[in-house]
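# Remarks on the overall topology
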Amino acid sequence: MGFLDLWIGIGLIMVTRMVYKNVDQVSPEEAKLELEHLAKEISRHDYLYYILAVPLLADNAYDALRRRNTDIENRFPDLIRPDSPSHRVGAPPAPEFEKVTHPKPMLSLDNAFSAQDVGDFIDRARRFLRLPDDHPLPISAEPKIDGLSASLHYQNGQFVLGATRGDGYVGENITANLKTVRDIPLILQGDDYPATLEVRGEVYMTLQDFQALNTRRVADDEPPFANPRNAAAGSLRQLDPHITAQRPLRFFAYAYDAAQLPDGTQTNCLQSLKRWGFQTCTDVALCDQQSDLITYYEKMQERRPQLPYEIDGVVYKINDFGLQNRLGTVGRSPRHSIAHKFAAEQAETILTDIIIQVGRTGVLTPVAILEPVFVGGVMVSRATLHNDDEIHRKDVRVGDAVIVQRAGDVIPQVVQVILAKRPPTSVPFQFPTLCPECGGHVIQADGQVAKRCGNSFMCPAQAIQKLKHFVSRDAFDIDGLGGKHIENFYNAGLIRTPVDIFTLEDRDKLSKTPLSTVEGWGDLSSANLFNAINQRRKISLDRFIYALGIPQIGHVTAKLLAKHYGALDIFLASDHDDLLTIEGIGPNMADDIAAFLQSPEQRTVVDNLQSLIVIQPFQETRQTESPIAGKIIVFTGSLETLSRGEAKAQAERLGAKVTGSVSKKTDYVVAGSDSGSKLKTAQQLGVSVLTEDDWLKIVKG
């Protein structure tokens, strides 16, 4: 090591004598070449220091390289490179984060909370792939870092774009902030990386750095962060990258995507990432049996308190990339991976009150008000009680000592009552028969647990919650129009329906008391709000359907409906029977959608919105040049070479629409053995029927 350090030092002296001049004597051409050399050289030594932990330069020699880079950039600011080491200390503040559409969605993982859940995950994968029980299925296991997901894009080895996960489909451009994270290489190492590369990983903060940061904040009379994840999230979303640069953020890479994947397994993927200059987690194991996964889980749970960073579980990934591609996704989660979460942390406290919250669909949800208690890294003062049945099942009463936990380390909930500590004056909780917000009658549909306010169009609480949902991040995502503003505007009579949002500016111009004269608002803030609203006058069909707040319709189902119907007018013309032909839409969901579409009040809102905004037809992101793109396919019977699930996923990847029932609109029915009524219906309607061999010939070209 000493000899190598001496050798590099001699080499640097030679370079200095041969190339370096006084900065004021350097020409622009020379400066450009030297900045390129310095960027690569400093990046190489960062890799040696931060990733391999084998520094080959003394601190003063490394500092000299950085000073030289800074001096040249100060003289030639127009030559500052995207991969310049100077970005490590921050860039000029941004007015706001731009949106970034992910080339491939950043999906969230399904959760497992028991060994049974893990076994079910493996069984589902085997059934989907048609693998026998004795066929090897190696699975990679690694810790689930409790941080913030980020996507990094590289072109020819240079870091060019970084984004947050966002809603999984659209994130925020935080390139300048990510450049300040030392673990993220601005220039990739080696020479075997793909020309176009996307790397995904987790931004986090070590426990030691988190404690030191909070100590400094307290000393500066600033509020401390609740936990390392909140600290990392708050640091990463600063508009001023100089602030981010002062926070001790780290990055673990765990996956990548490229046009051509040189590695065939997750374990090889991690090795490549480290070779290219990334930090990767070292606590990774390759497991062949479910028992090996559980042993790994228990070992990591035991080691959890000693780790230098927080983890909230472990992640299992089927190791083979070929199998991963075949498994694909379902909803917003991949079929090939799952997160095995650690048991939720619990604490004891006193339940001081039970209040009723009214949601946007009228559901009355009981909420426990608690004496604040620290659980799972955050202070908890409220917890869900779910519904009236749950209150009576657990016999929860005001004044009880209760055990609370953060379910999945996210949503606080009351686990049980400590009966030995119950006060003698306690009485059972009586669920209200009238809505606490509007006085409307509380109703309960047959077969449903939820109780609802029946006054759906006049209840202020429902109206406010619907408006909040309409402007939420996964819907219209209007900056500056948060929950408090919605409540204030509703109570002031400025916004009562979604239509009012898009007429607010025109009405404001005619008002004798415009928004700019209201306390807390001014010319600039009101202009910014109107600008934010105007920027959202164009929206995709799936986000619009989600924004409407139809009961039971979340992001996944909204995208399913948008994909099936393609355009708003076709969706609005659908009926209950048509909805039932969509794979994934059941009778109850079809009831709610049909009821919404048939409601005169709801249709009036939608019609009025169409005159104020542009609703873009659904854009298919999957293959559209395949022979089945846009075709409606129905599978029936048992297939021999692949499972029904894989056949469906294969069809959807090629741009087809898979439905559950046969109609005149159906293009092909793929019939396996033991086909039943669907085959008969297809024959009666004259729909083309394909054998499994016919199907495979079409999809394989």
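Please refer to the structure higher up on the page.
Residues numbered from 1 in each chain as written. Predicted model: local features only at pLDDT ≥ 70, side-chain atom pairs only at ≥ 80, totals over all residues. Heavy atoms only, no water.

Overall, parallel pairing links the 4 strands, which are arranged 24-23-25-26 in an open sheet. Strands with a single pairing partner mark the edges of an open sheet, and in this sheet they are strand 24 (657-658) and strand 26 (688-690). Pairing between strand 23 (residues 632-636) and strand 24: 2 bridges, direction parallel. In the sheet register, isoleucine 632 faces strand 24, and the bridge partner there is lysine 657. Sitting on the sheet, helix 23 (residues 644-653) touches strand 23 and strand 24, and the angle it makes with strand 23 is about 170 degrees. (Pairing = 2+ DSSP bridges. Helix = DSSP H or I, 4+ residues; strand = E, 2+ residues; numbered from the N terminus. Contact = heavy atoms within 4.5 Å. Axes fitted to C-alpha atoms, helices over the stretch in contact; angles between N-to-C directions.)

The next point concerns the side chain of lysine 317. Looking at where lysine 317 falls in the secondary structure, it is placed in strand 10 (residues 311-318). The class for lysine 317 is buried, based on a relative accessible area of 11%. For lysine 317, the side chain forms a polar contact with the main-chain oxygen of tyrosine 254, separated by 3.4 Å. Beyond its immediate sequence surroundings of up to four residues, lysine 317 is in contact with Ile139, Ser140, Glu142, Tyr254, Gln266, Gln324, His336 and Ser337. (Buried < 20%, exposed > 50% of the residue type's maximum accessible area, 1.4 Å probe, protein only. Polar contact = N/O pair within 3.5 Å; in protein donor to acceptor, adjacent residues only side chain to side chain.)

Next up on the list: the pattern of salt bridges. Any two side chains of opposite charge can pair, on the condition that their charged atoms come close. In this structure the tally under the stated criterion is 30 salt bridges. Its salt-bridge partner being lysine 317, residue glutamate 142 comes within 3.8 Å of it at the nearest N-O pair. Here glutamate 142, found in strand 3 (residues 139-145), pairs with lysine 317, found in strand 10; they are 175 residues apart in sequence, far enough to count as distant. Each of the two residues, glutamate 142 as well as lysine 317, counts as buried. Two residues, lysine 144 and aspartate 312, come together in a salt bridge whose shortest N-O distance is 3.5 Å. Pair noted here: lysine 144 is in strand 3 and aspartate 312 is in strand 10, with a separation of 168 residues, a long-range link. For aspartate 312, a relative accessible area of 7% translates into the label buried. Linked by salt bridges that have partners in common, Lys99, Glu172, Arg237, Asp477 and Arg536 make up one network. (Salt bridge = Lys/Arg side-chain N within 4 Å of Asp/Glu carboxyl O.)

Here we come to the sheet that holds strand 9 (residues 285-287). Strand order in the open sheet made by the 5 strands is 2-13-10-3-9, with mixed pairing throughout. Strands with a single pairing partner mark the edges of an open sheet, and in this sheet they are strand 2 (111-112) and strand 9. Contacts between helix 9 (residues 266-275) and the sheet are confined to strand 3, strand 9 and strand 10, with strand 3 contributing the most and set at about 50 degrees to the helix.

Tallying each qualifying case throughout the model produces 0 disulfides. The structure places no disulfide on cysteine 435, whose sulfur is separated from the nearest cysteine sulfur, that of cysteine 438, by 3.8 Å. For cysteine 435, a relative accessible area of 4% corresponds to the buried category. Of the cysteine sulfurs around cysteine 459, a residue in no disulfide, the closest is that of cysteine 438, at 3.7 Å. Since its relative accessible area comes to 1%, cysteine 459 is described here as buried. (Disulfide = S-S within 2.5 Å.)

With that settled, the discussion passes to the environment of threonine 196. Residue position: threonine 196 is located in strand 7 (residues 196-204). Residues threonine 196 and asparagine 156, spaced 40 residues apart in sequence, show a C-alpha to C-alpha distance of 6.4 Å. In this structure the side chain of threonine 196 is engaged in a polar contact, spanning 3.3 Å, whose partner is the side chain of glutamine 155.

Another aspect to go through is helix 10 (residues 290-303). Residues lying three or four places apart along an α-helix face the same way, a consequence of the helix completing one turn every 3.6 residues. With 14 residues, helix 10 extends 20 Å between its outermost C-alpha atoms, agreeing within 8% with the 20 Å of an ideal straight helix rising 1.5 Å per residue. For helix 10, every residue scored as buried is listed here: Leu293, Ile294, Tyr296, Tyr297 and Met300. Within helix 10, the buried residues cover an arc of 160 degrees as seen down the axis, which keeps them to one side. Within helix 10, the exposed residues directed more than 90 degrees away from the buried face are Thr295 and Glu302. Residues of helix 10 that are buried make contact with helix 4 (115-129), strand 3, strand 9, strand 10 and strand 13 (337-341). (Expected span 1.5 Å × (residues − 1). Arc of directions from axis to C-beta.)

Orientation of helix 15 (residues 498-510) relative to helix 16 (residues 523-534), taken along the N-to-C sense of each, is 140 degrees, at an axis distance of 9 Å. With respect to their mutual orientation, helix 15 and helix 16 come out oblique. Judged by the twist between their axes, the crossing of helix 15 over helix 16 is left-handed. Facing helix 15, whose interface residues are Ile501, Phe502, Leu504, Glu505 and Asp508, helix 16 presents Leu529, Phe530, Ile533 and Asn534. Partitioning the contact of helix 15 with helix 16 into residue classes produces 6 nonpolar, 1 polar and 2 charged. (Parallel < 35°, antiparallel > 145°, perpendicular 65-115°, else oblique. Left-handed = near helix turned anticlockwise from the far one by under 90°. Nonpolar A, V, L, I, M, F, W, Y, C, P; charged D, E, K, R; others polar.)

Attention now goes to the environment of alanine 475. Among the secondary structure elements, alanine 475 is positioned in the loop between helix 13 (460-470) and helix 14 (483-491). Assessed through its relative accessible area of 1%, alanine 475 is described here as buried. A sequence separation of 342 residues divides alanine 475 from aspartate 133, and the C-alpha atoms of the two residues are 43 Å apart. The residues touching alanine 475, leaving out its near neighbours within four places in the chain, are His469, Phe470, Ile539, Arg543, Tyr546 and Ala547.

Moving on to the pairing of strand 23. Every regular strand shows the same layout, with side chains that alternate between the two sheet faces. With respect to burial, strand 23 is a largely interior element, 5 of its 5 residues being buried. Burial along strand 23 is two-sided: the face carrying Ile632, Val634 and Thr636 and the face carrying Ile633 and Phe635 are both buried. This β-α-β element, strand 23 to helix 23 to strand 24, shows right-handed connectivity. In this structure, strand 23 lies alongside strand 25 (residues 668-671), joined through 4 bridges in parallel fashion. Directly across from valine 634, in strand 25, lies its bridge partner valine 669. (Right-handed = clockwise from strand over helix to strand, strands pointing away.)

Counting 54 residues, the largest nonpolar core has Phe476, Ile501, Phe544, Leu561, Phe571, Leu579 and Ile593 as the members making the most contacts within it. For this core, the leading source of residues is helix 21 (residues 587-598), giving 6 residues. Leucine 561 has contacts with Ile545, Ile553, Gly566, Phe571, Leu579, Ile582, Ile585 and Ile593, leaving out every residue within four places of it along the chain. In this structure, Phe225, Ala231, Leu273 and Trp276 belong to the second largest nonpolar core, which totals 33 residues. (Core = buried A, V, L, I, M, F, W, Y, C linked by side-chain atoms within 4.5 Å.)

It is worth stressing that arrangement in space is one thing and function is another; only the former is reported here.
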